[in-house]
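Chains, contacts and geometry: an overview
Each chain is listed here by its residues.
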Amino acid sequence: MAYTVSKLTDYSETALGKAAAECIRACTEESAAVRNDAGLKAFRDRWLGRKSGVLTQINDLWLKAAPKDAKRETGIRVNELKTRIQELVDEAQVGGLEAGATAEQRVDISLPGIRRPIGAEHPIVKTANDMVRIFQKLGYSVAEGPVVETDYYNFEALNFPPNHPARDTQDTLFIAGQQGKPQRERLLLRTHTSPVQIRTMEKMRPPIRIVIPGTVHRNDPPDASHSPMFYQIEGLAVDTSITFGDLKGTLDHAMKEFFGSSVKTSFRPSFFPFTEPSAEMFVSCFICGGSGRRGNDPCRPCKQTGWIEILGCGMVDPNVFEFVKHNGYDPKKVSGFAFGMGADRIALLKYGVDDLQLFFNGDVRFLEQFA
């Protein structure tokens, strides 16, 4: 028979204790019968319901109806009863869930917790960060810019005038639907991080020293040495009286820091529209030591030459400064140098990987080798 709250006529300590014991006994018996979520809800509502729950009835029929001289003792007894009934409801909730759970759903709290594996930097990101840190130690700041650029920042302001043949070598990916705009405002995916150089010079007056890591895009089919998306690291230094000797010294120090102090550097003439003079920098092969051979076998990374091409560089062309002349970059007063390298290519050489696509396939078995 279900428990019902009776109105008290005797408020003695003995009568209160007997009534409370009967209430707890009834609650204990009902809690033991809980077997599922529906039963648990009915049990909780019956005992803890705000409008007609057993505890609400006890408060009305016992405490509020108690004589003045019995109020204190009755209040203490009712509070103890509330605490105990709340405990029984909580125990019924845990017991009911365990009773209705399958073996797979039960939790063994004695087992050790699940350890989340600790991740690591992607080898290309790690390579880029290592190179950036070298230039940060030299006083360079890190600069960033948008990947979707305008023709003006990607080409025109970098001394690539419209119809310049050097634009074709960039294999640019253009955003569709731009034909109605003036050419300099048309959007594209940046082909190098050089636009950040112009954007930074527009915001900051000389002297500046910045290094620019980031992704760039070109219409290259993916193969062992090419990808339509790759990482670049560029640098720019502008001040008064900067010479090509400063460029050579800076890059020679950076390569020795990255590849080891025994590495030698070599500069050979080249052409880039935004630098004059321009050069390509080679480092002595850090795999074969510059000999061109690995034991009795030819050294493949340097193609038996003993040298590996690592980056392009040069003195900033005065025509580039003309676009930011209004911000203190008068080509008659300042000079500077710029350089750019592919973090992907450096990572290939550093880790001895022969296929660039391995870095982008997302195969954890391959990537965890570099963690």
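Residues numbered from 1 in each chain as written. Predicted model: local features only at pLDDT ≥ 70, side-chain atom pairs only at ≥ 80, totals over all residues. Heavy atoms only, no water.

In space, the 3 strands of this open sheet follow the order β2-β4-β3, with antiparallel pairing throughout. Edge strands, defined here as strands with exactly one partner in the open sheet, are β2 (148-150) and β3 (173-174). Alignment of β2 against strand β4 (residues 187-189), held across 3 bridges, turns out to be antiparallel. If you follow V148 over to β4, its bridge partner there is L189. (Pairing = 2+ DSSP bridges. Helix = DSSP H or I, 4+ residues; strand = E, 2+ residues; numbered from the N terminus.)

As a further point, take the environment of T169. By the element assignment, T169 lies in the loop between α6 (151-154) and β3. Each C-alpha atom, one on T169 and one on R218, is 9.7 Å from the other, the two residues being 49 residues apart in sequence.

Turning to the nonpolar core, a few remarks are in order. Counting residues in each nonpolar core, the largest one holds 44 residues, and the members touching the most others are M131, F135, L251, M255, I310, L311 and M341. Elements that contribute at least two residues to this core include exactly α5 (123-137), β6 (229-239), α8 (244-259), β8 (275-284), β11 (307-316), β12 (335-342) and α10 (343-351). With sequence-adjacent residues up to four places away left out, M131 is seen in contact with I233, M255, F258, M341 and I346. One finds A19, F43, A70 and L88 within the second-largest nonpolar core, a separate group that totals 26 residues. (Core = buried A, V, L, I, M, F, W, Y, C linked by side-chain atoms within 4.5 Å. Buried < 20%, exposed > 50% of the residue type's maximum accessible area, 1.4 Å probe, protein only. Contact = heavy atoms within 4.5 Å.)

For the peptide bond that leads from P206 to P207, omega is 5°, which places it in the cis range. Here the amide bond leading from E276 into P277 is cis, since omega sits at 0°, within 30 degrees of zero. By secondary structure assignment, the location of P277 is in strand β8. The phi torsion at N159 lies on the positive side, around 70°, for a residue other than glycine. Phi at S241 takes a positive value of approximately 65°, unusual for a residue other than glycine. By the secondary structure assignment, S241 is in the loop between β6 and α8.

Enumeration according to the criterion identifies 14 salt bridges in this entry. Across the pair E30 and R46 runs a salt bridge whose closest N-O atoms are separated by 3.1 Å. A residue pair is termed long-range when its members are at least 10 positions apart, and E30 in helix α1 (residues 13-32) and R46 in helix α2 (residues 37-48) qualify at 16 residues. In this structure, the salt-bridge partner of D60 is K64, at a minimum N-O distance of 3.2 Å. According to the relative accessible area criterion, D60 is partly exposed, its value standing at 36%. A relative accessible area of 56% places K64 in the exposed class. (Salt bridge = Lys/Arg side-chain N within 4 Å of Asp/Glu carboxyl O.)

What follows covers the sheet that holds β12. The 7 strands are arranged β1-β5-β6-β12-β11-β8-β7 in an open sheet whose pairing can be described as mixed. Among the strands making up the open sheet, the edge pair consists of β1 (141-142) and β7 (265-272). In this sheet, β12 lies alongside β6 in antiparallel orientation, the contact comprising 8 bridges. Pairing of A237 across the sheet is with F337, part of β12. The sheet contacts of α5 involve β1, β5 (208-217), β6 and β12, and relative to β6 the element is tilted by about 5°. (Axes fitted to C-alpha atoms, helices over the stretch in contact; angles between N-to-C directions.)

Among the 11 residues in β6, 8 count as buried, and that is most of the element. Of the pairings in the sheet, the one linking β5 to β6 comprises 10 bridges and is antiparallel in character. In the strand pairing of β6, I210 is matched with L236.

What follows concerns the packing of α5 against α10. Look at α5 against α10: their axes get within 9 Å of each other, and the N-to-C directions meet at 100°. By the angle between their directions, the pair α5 and α10 is classed as roughly perpendicular. Across the interface between the two elements, P123, I124, K126, T127, A128, D130 and M131 from α5 touch A343, D344, I346, A347, K350 and Y351 from α10. Looking at the contact of α5 with α10 residue by residue, the class counts come to 8 nonpolar, 1 polar and 4 charged. (Parallel < 35°, antiparallel > 145°, perpendicular 65-115°, else oblique. Nonpolar A, V, L, I, M, F, W, Y, C, P; charged D, E, K, R; others polar.)

Everything listed here is a matter of coordinates, which is why it stays silent on function.
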